[in-house]
Amino acid sequence: MSERRITLAIASDLQNVPLVGQAIQRLCSLTSLSDIESHQIALCVVEAVNNAIIHAYDREAEHEVQVIFSHYSDKLTFQICDAGRAMDPNCLAPKAPSPFDFDPRCLERLPEGGLGLAIIRSTMDEVSYTTTCGKNILTLTRFFKSCRIDTTPLMG
Amino acid sequence: MQLDQRRAGDVLIVIPLEDRLDARIATDFKEQMTELIASGHTKIVLDLSKVEFIDSSGLGAIVSGLKRMGGRGELVVCGLQETTMTLFRLTRMDRVFQVFENERQAVSVLGGNEKDAAT
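Keep in mind it's a predicted model, so treat the numbers as computed, not measured.

Engineer: Hey, could you run me through the sheet that holds strand β4 (residues 43–47) of chain B in this one?
Structural biologist: The strands that make up a sheet pair up through hydrogen bonds in the backbone, lying either parallel or antiparallel. Residues and elements named next belong to chain B. In spatial order, the strands read β1-β2-β4-β6-β7; together these 5 strands make up an open sheet with mixed pairing. Single-partner strands in this sheet number two, and they are β1 (3–8) and β7 (99–100). Bridge count for strand β2 (residues 11–16) against β4 is 3 bridges, and the pairing is parallel. The residue of β4 that forms the bridge with Ile13 is Val45. In the packing of helix α2 (residues 56–69) onto the sheet, the strands contacted are β4 and β6 (74–78), and the crossing angle to β6 comes to about 150°. Taken strand by strand, helix α4 (residues 103–110) contacts β1, β2, β4, β6 and β7, and its axis lies near 170° from that of β4.

Below, the structure is given as structure tokens:
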């Protein structure tokens, strides 16, 4: 399967995150994805890079975050790489109830944080996380629509 | 970050002059909104027409403003672009906030002076 790959690297400063977000959105827009889909995917990558800077690197700006964009015939993958503190893999497991499953009338319980991973899980088709030799890699996968696996049970 | 402010009767229109409401500026935005609410404004229209991108930190700051109101006032949003509206729908915040197409509609519902609101 042919693959085209671009690696983006930024210093771990939140001021640099829009550079990555805009680049990813532009790259996605060159595929068959719609503008809205490209925006949503860029949002996911921004959330992942924010998490790396804030949680893995404690907002220290002298580290590096890499984003590897890979374009396959059937999918896009985005690997967000850092060498900071590893995330608890349990954070990726779907939460029950979902952070989006709140009572809109109950003001005090509206979520102000913790939505980033939920947005990623809702938007991307696959999300995985590995730590090897001190390098953390969050991999986000989005299949092109015609290639997505239909998990709906067959009727009849 | 820069916030433009305008009065329309007893309604305060707040317009972030940023194209991205994200983790870089979410804390600053949250603090400015907190100050506006603490200074007694109870009817606020947040005009997001200039904002092209909102991440979860930016959204959290908007939610924080609503919670800061504590049910004693109203914070509504208007001018959402298609991209930012998608985030409100995805996170189900469209069920929490009253969302209007433009300032005039939002100000009208809050009982402010529509002449001072942009269409």
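From this point on, the discussion continues.
Engineer: I keep staring at helix α3 (residues 116–123) of chain A and nothing clicks. Help me out?
Structural biologist: Three- or four-residue spacings in an α-helix give side chains the same orientation, since the helix completes a turn every 3.6 residues. Of all 8 residues that make up α3(A), 6 are buried, and the element is covered over most of its length. Along α3(A), the positions that sit buried rather than exposed are Gly116(A), Leu117(A), Ala118(A), Ile119(A), Ile120(A) and Thr123(A). Contact partners of the buried residues in α3(A): α2 (35–56), β4 (126–132) and β5 (135–143) of chain A together with α2 and α3 (82–90) of chain B.

Engineer: Please clarify how the interface of chain B and chain A should be interpreted in this entry.
Structural biologist: Frequently, the measure chosen for interface size is the accessible area that the parts lose on association. With 28 residues of chain B at the interface, the matching set in chain A holds 26 residues. Interface area, chain B with chain A, both sides summed: about 2,500 Å², of which 65% is carbon and sulfur. The three residues of chain B that bury the most area against chain A are Arg24(B), Lys67(B) and Leu90(B), which together make up 23% of that side's buried surface. Viewed at the interface, chain A and chain B are joined by 2 salt bridges.

Engineer: Where do I start with the packing of aromatic side chains in this structure?
Structural biologist: Aromatic ring pairs: the centre-centre distance and the angle between the two ring planes describe each pair. Within this structure, the stated rule accounts for 2 aromatic pairs over all chains. Taken together, a centroid distance of 5.6 Å and an interplanar angle of 65° make the contact between Phe69(A) and Phe78(A) edge-to-face. You can call Phe69(A) buried: its relative accessible area is 5%. With 5.8 Å between their ring centres and 65° between their planes, Phe88(B) and Phe97(B) make a pair best called edge-to-face.

Engineer: Is there a simple way to think about the pattern of salt bridges in this case?
Structural biologist: Pairing between side chains becomes possible if they bear opposite charge and their charged atoms approach one another. In total, this model carries 11 salt bridges over all chains according to the counting rule given. Lys30(B) is the salt-bridge partner of Glu112(A), the closest N and O atoms lying 3.7 Å from each other. Taken together, the residues Glu112(A) in the loop between β3 (75–82) and α3 and Lys30(B) in helix α1 (residues 26–38) connect one chain to another. We classify Glu112(A) as partly exposed; its relative accessible area is 30%. Put simply, Arg24(B) and Asp22(B) hold a salt bridge, and the shortest N to O gap is 3.0 Å. Note on Asp22(B): relative accessible area 4%, which makes it buried. Linked through salt bridges whose partners overlap, the residues forming this network are Glu37(A), Arg142(A) and Lys145(A).

Engineer: How should the side chain of Asn50(A) be read in this particular structure?
Structural biologist: Relative to the helices and strands, Asn50(A) resides in helix α2. You can call Asn50(A) buried: its relative accessible area is 4%. Here Asp55(B) takes part through its side chain, which lies 3.0 Å from a polar atom of the side chain of Asn50(A). What Asn50(A) contacts, discounting residues up to four positions off in sequence, is Leu14(A), Val17(A), His55(A), Ala23(B) and Asp55(B).

Engineer: Explain the pairing of β4(A) to me, please; I cannot follow it from the model alone.
Structural biologist: Residue and element names in this part refer to chain A. In this structure, β4 lies alongside β5, joined through 7 bridges in antiparallel fashion. In the sheet register, Glu126 faces β5, and the bridge partner there is Thr141. Remark: 2 residues form the turn of the hairpin made by β4 and β5, two consecutive strands paired antiparallel; Cys133 in that turn has positive phi of roughly 50°.

Engineer: I'm lost on the state of the cysteines in this one. Help?
Structural biologist: Note on terminology: disulfide describes a covalent bond linking the sulfur atoms of two cysteines. Residues and elements named next belong to chain A. Applying the stated criterion across every chain yields a total of 0 disulfides over all chains. In this model Cys91 remains outside any disulfide bridge; the closest cysteine sulfur is found in Cys44, 16 Å from its own. Note on Cys91: relative accessible area 29%, which makes it partly exposed.

Engineer: What is the right way to look at the packing of α2(A) against α3(A) in this model?
Structural biologist: Geometry of a packed helix pair, given as the angle between the helix axes and the separation of the axes. Residues and elements named next belong to chain A. Running from N to C, α2 and α3 cross one another at 145°; their axes reach a closest spacing of 9 Å. Every pair of crossing elements has a handedness; the one defined by α2 and α3 is left-handed. Every residue of α3 that contacts α2 at Gln40, Leu43, Cys44, Glu47, Ala48 and Asn51 is listed here: Gly116, Leu117, Ile119, Ile120 and Thr123. Taken together, the residues that form the contact of α2 with α3 break down as 6 nonpolar, 4 polar and 1 charged.

What counts and what doesn't
- Residues numbered from 1 in each chain as written.
- Chains lettered and ligands numbered in written order.
- Predicted model: local features only at pLDDT ≥ 70, side-chain atom pairs only at ≥ 80, totals over all residues.
- Heavy atoms only, no water.
- Pairing = 2+ DSSP bridges.
- Helix = DSSP H or I, 4+ residues; strand = E, 2+ residues; numbered from the N terminus.
- Contact = heavy atoms within 4.5 Å.
- Axes fitted to C-alpha atoms, helices over the stretch in contact; angles between N-to-C directions.
- Buried < 20%, exposed > 50% of the residue type's maximum accessible area, 1.4 Å probe, protein only.
- Buried area = accessible area lost by both parts, 1.4 Å probe.
- Salt bridge = Lys/Arg side-chain N within 4 Å of Asp/Glu carboxyl O.
- Phe/Tyr/Trp six-rings, centres within 6.5 Å; stacked < 30°, edge-to-face > 60°.
- Polar contact = N/O pair within 3.5 Å; in protein donor to acceptor, adjacent residues only side chain to side chain.
- Disulfide = S-S within 2.5 Å.
- Left-handed = near helix turned anticlockwise from the far one by under 90°.
- Nonpolar A, V, L, I, M, F, W, Y, C, P; charged D, E, K, R; others polar.

These figures capture arrangement, not role.
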